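# Observations on the three-dimensional arrangement
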Amino acid sequence: MKLDNILYEDNHILVVIKEPNMLVQEDNTNDLDMVNLIKNYLKEKYNKPGNVYLGLVHRLDRPVGGLMIFAKTSKAAKRLSEDFKKSKITKKYIALVHGETKDKDTLIDYLIKDNKTNTSRISKIGKEAILDYIRLNYKDNFSLIEVNLKTGRHHQIRVQLSNIGNPIYGDQRYGIDEIGIQIHLYASGLEFIHPIKKELMTFSHYPNWYYKYIK
């Protein structure tokens, strides 16, 4: 694993940047994934024989890049998982969407997942999905927005923004773009209490396309 991708590491956690289109966890494609990549990095760095523990406490969709936390101990993994479930961890995303959005808004919907198609849709019988967003800039008929995710439903940001008529640029599943355009959604911010040290941890990172549209 490239050391440039690690923003923070101690005995308990790692904060890393996942590249777009990389799996978080291995599947039947046998493509490279974050979990095995980091495990191999830890094996080499600390010269550990056998299996290395790594706690996966949250996920990002494969096309989406950005910040992720991984736990190096089971104690840290348990506490971080609990904090994610209780929405104690702040997750912010940058998205470039088609059209002009409001200056700011709160979206509240109910989403249901279709496991056969691996998609989600809005439904009265679904789970509550909440996000806030603010518009950072409007340029060339695109709105650059910052999303504060309140709940962590499957494909939540993509579905909710598409539902209000502002699909994410490059989202071939819920959007209007042709195949070949990278989705312009990025996990740009994390804020949480360290599971062991109890210190406030704040991280931010932005993709290259962000700087083009923020001006």
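Residues numbered from 1 in each chain as written. Predicted model: local features only at pLDDT ≥ 70, side-chain atom pairs only at ≥ 80, totals over all residues. Heavy atoms only, no water.

### Some remarks on the overall build of the chain
A count of helices and strands for the chain gives four helices and eleven strands. Going through the 215 residues of the chain one by one, you find that 47% of them count as buried. Summed over all atoms, the accessible surface of the chain reaches about 11600 Å², with 46% contributed by carbon and sulfur. With 34 positive and 26 negative side-chain charges, the chain shows a separation of 6 Å between the mean positions of the two kinds. (Helix = DSSP H or I, 4+ residues; strand = E, 2+ residues; numbered from the N terminus. Buried < 20%, exposed > 50% of the residue type's maximum accessible area, 1.4 Å probe, protein only. Areas by Shrake-Rupley, 256 points an atom, 1.4 Å probe, with all protein chains shown as cover. Lys, Arg positive; Asp, Glu negative; His and termini not counted. Charge placed at Lys NZ, Arg CZ, Asp CG, Glu CD.)

### Side note on the layout of surface pockets
The computed volume of the largest pocket comes to approximately 1400 Å³. What lines the largest pocket is a set of 44 residues, among which Arg59, Leu60, Asp61, His154 and His155 lie closest to the centre. At the level of secondary structure, the elements contributing two or more residues to the lining of the largest pocket comprise α2 (74-85), β5 (90-98), β9 (142-149) and α3 (156-163). When its residues are assigned to classes, the lining of the largest pocket shows 15 nonpolar, 16 polar and 13 charged. Quantified by volume, the second largest pocket comes out at close to 170 Å³. The element that contributes the greatest number of residues to the lining of the second largest pocket is strand β6 (residues 104-114), accounting for three residues. Within the lining of the second largest pocket, the residues separate by chemical class into three nonpolar, three polar and three charged. (1 Å grid on protein atoms, 1.4 Å probe; cavity = no way out; pocket = protein on both sides within 12 Å on 5 of 7 lines; lining within 4 Å. Points joined across faces, edges and corners; volume = space filled by probe spheres on them. Nonpolar A, V, L, I, M, F, W, Y, C, P; charged D, E, K, R; others polar.)

### Some remarks on empty space enclosed by the protein
In the structure shown here, the tally under the stated rule is one cavity of 30 Å³ or more. Contributing to the lining of the largest cavity are His58, Leu67, Lys91, Lys92, Tyr93, Ala187, Gly189 and Leu190. Of all the secondary-structure elements, those providing two or more residues to the lining of the largest cavity are β5 and β10 (185-193). Residues of the lining of the largest cavity, tallied by class, amount to four nonpolar, two polar and two charged.

### Considerations on the environment of tyrosine 110
Counting through the fold element by element, tyrosine 110 comes out in strand β6. Sequence separation between tyrosine 110 and arginine 121 is eleven residues, and the spatial gap between their C-alpha atoms is 8.2 Å. Dropping the residues within four chain positions of it, tyrosine 110 is found in contact with Arg121, Ile122, Ser123, Gly126, Lys127 and Glu128. (Contact = heavy atoms within 4.5 Å.)

### Thoughts on helix α1 (residues 34-46)
The terminal C-alpha atoms of α1 lie 18 Å apart, and with 13 residues this matches the ideal 18 Å at 1.5 Å per residue to within 8%. Listed in full, the buried residues belonging to α1 are Met34, Val35, Leu37, Ile38, Lys39, Tyr41 and Leu42. N-capping of α1 is provided by aspartate 33, with a side-chain oxygen placed 3.2 Å from the backbone N of valine 35. Looking at the residues trailing α1, positive phi occurs at asparagine 47, about 50°. (Expected span 1.5 Å × (residues − 1). Polar contact = N/O pair within 3.5 Å; in protein donor to acceptor, adjacent residues only side chain to side chain.)

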